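# Secondary and tertiary structure notes
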Amino acid sequence: MRVSVNGFRRLGTASVVRGRKGWSLLGAKCSDCETQIYPVLTVCPQCGGRDFVASLLPAIGTLYCHSVVHMGPRGVDTPYTVGYVDLSDSLRVFGRIEMPVGAVQTGQQLELRVEPANRQASQFIYFFTAPSEVSQQVDS
Ligand SMILES: [Zn+2]
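To start, this report covers the structure provided alongside it. Keep in mind the model is a prediction, meaning the values are calculated, not measured.

## Quick word on the coordination of the zinc ion
Each pair of donors in an ideal four-coordinate tetrahedral metal site encloses 109.5 degrees, whereas pairs in an ideal six-coordinate octahedral site enclose 90 or 180 degrees. Taken together, Cys-30 (SG), Cys-33 (SG), Cys-44 (SG) and Cys-47 (SG) make up the full set of protein donors to the zinc ion, lying 2.2 to 2.4 Å away. Viewed at the metal, the four donor atoms of the zinc ion are separated by angles of 103 to 114 degrees, and the geometry they form is tetrahedral. Read N to C, the donor residues that coordinate the zinc ion are spaced as C-x2-C-x10-C-x2-C.

Pasting the structure below:
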């Protein structure tokens, strides 16, 4: 996979990049059919292509479905919500939803946020939350 975005940092098999509005997730776009994927794969699920370019994920998406987790990993407070968010017509991303349980509704808009998990910014987490006013103004 060619990576054409400068200054990226690895996040598992994908990456994050820092822009003016903060950190963003870096996926990939198929060079043959332009399908955007995340996490990054070696073969395009749409056309079988193997050539990709780095592609920033959209910051705003629509909640496709969600569920409440009542028994989580040790050290993680429960309950919390997870769900699949459609960031485009062909890009559905799974993640934790940082909103009060019960306040989450299928079909609502959510914002994808990426934050360093430590002071060195050597690891990152991503999650979905209610869109901030700034994001709504910029992206709408
Ligand atoms: Zn493709």
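## Re a nonpolar patch on the surface
Among the surface-exposed residues, Tyr-64, Tyr-84 and Phe-94 lie close enough to one another that they form a single nonpolar patch of about 300 Å² accessible area. Among the residues examined, Phe-94 registers a relative accessible area of 39% and is labelled partly exposed.

## What about the nonpolar core?
Core analysis: the biggest nonpolar cluster contains 19 residues, and Leu-25, Leu-57, Leu-87, Val-93, Ile-97, Leu-110 and Phe-128 have the highest contact counts within it. Two domains each provide a minimum of three residues to this core, namely domain 1 (1–57) and domain 2 (58–140). In contact with Leu-110, not counting residues within four places along its chain, are Ala-59, Ile-60, Gly-61, Leu-63, Val-85, Ile-97, Met-99, Phe-128, Thr-129, Ala-130 and Pro-131. The next biggest cluster of nonpolar side chains, apart from the first, holds six residues, and it includes Cys-30, Val-40, Cys-44 and Phe-52.

## Considerations on the packing of aromatic side chains
Under the definition given, this model contains four aromatic pairs. Aromatic side chains Tyr-38 and Tyr-126 sit 6.0 Å apart centroid to centroid with 85 degrees between the ring planes, which places their arrangement in the edge-to-face category. With Tyr-38 in the loop between strand 4 (36–37) and strand 5 (52–56) and Tyr-126 in strand 10 (residues 124–129), this residue pair connects regions lying 88 residues apart in the sequence. We classify Tyr-126 as partly exposed; its relative accessible area is 24%.

## Section: the side chain of Gln-108
Locating Gln-108 in the fold gives a position in the loop between strand 8 (91–97) and strand 9 (109–116). A polar contact is formed between the side chain of Gln-108 and the backbone nitrogen of Gln-105, at a distance of 2.6 Å. Residues in contact with Gln-108, not counting those within four places in the same chain, are Gly-61, Thr-62, Leu-63, Met-99 and Ala-103.

Reading the values: rules and limits
- Per chain, residues are indexed from 1 in the order of the written sequence.
- It should be noted that, the model being predicted, local features are given only for residues of pLDDT at least 70 and side-chain atom pairs only at 80 or more, the latter also being counted only at that level, while totals for whole chains, interfaces and linings use all residues.
- For the side-chain quantities, the full set of heavy atoms in the structure was used; hydrogens and water were omitted.
- Think of the donor list as every N, O and S atom within 2.8 Å of the metal, or within 3.2 Å for Na, K and Ca; water never makes the list, so a site can look incomplete.
- Geometry is assigned from the angles between donors: four donors with all angles from 85 to 135 degrees make a tetrahedral site, four or six donors whose opposite pairs exceed 155 degrees while the rest stay between 65 and 115 make square planar or octahedral sites respectively, and everything else is labelled irregular.
- For patch detection, residues must exceed 30% relative accessible area and be free of salt bridges, and they are connected within 9 Å for like charges or within 5 Å for nonpolar side chains (Val, Leu, Ile, Met, Phe, Trp, Tyr).
- Each accessible area is a Shrake-Rupley estimate made with a 1.4 Å probe; only the visible protein chains count as cover when residues are assessed.
- Salt bridges are defined as contacts in which a side-chain nitrogen from Lys or Arg sits within 4 Å of a carboxyl oxygen from Asp or Glu.
- Only protein chains enter the calculation, and the probe is 1.4 Å; a residue is then buried if its accessible area is under 20% of its type maximum, exposed if over 50%, and partly exposed in between.
- Residues grouped as a nonpolar core are buried Ala, Val, Leu, Ile, Met, Phe, Trp, Tyr and Cys residues, joined through side-chain atoms within 4.5 Å.
- Where each domain begins and ends follows an automated or database-derived domain assignment.
- Here, residues are in contact when the closest pair of their heavy atoms is within 4.5 Å.
- The rule is short: rings of Phe, Tyr and Trp, with Trp giving its six-membered ring, pair when the centres are within 6.5 Å, and they are stacked under 30 degrees, edge-to-face over 60, tilted in between.
- By the criteria applied, helices consist of DSSP H or I runs no shorter than four residues and strands consist of E runs no shorter than two, each listed in order from the N terminus.
- Between N or O atoms, a polar contact is any pair within 3.5 Å; within protein, one atom must be a potential hydrogen donor and the other a potential acceptor, and residues adjacent in sequence are included only when both atoms are from side chains.

By themselves, these are just geometric observations and shouldn't be taken as functional.
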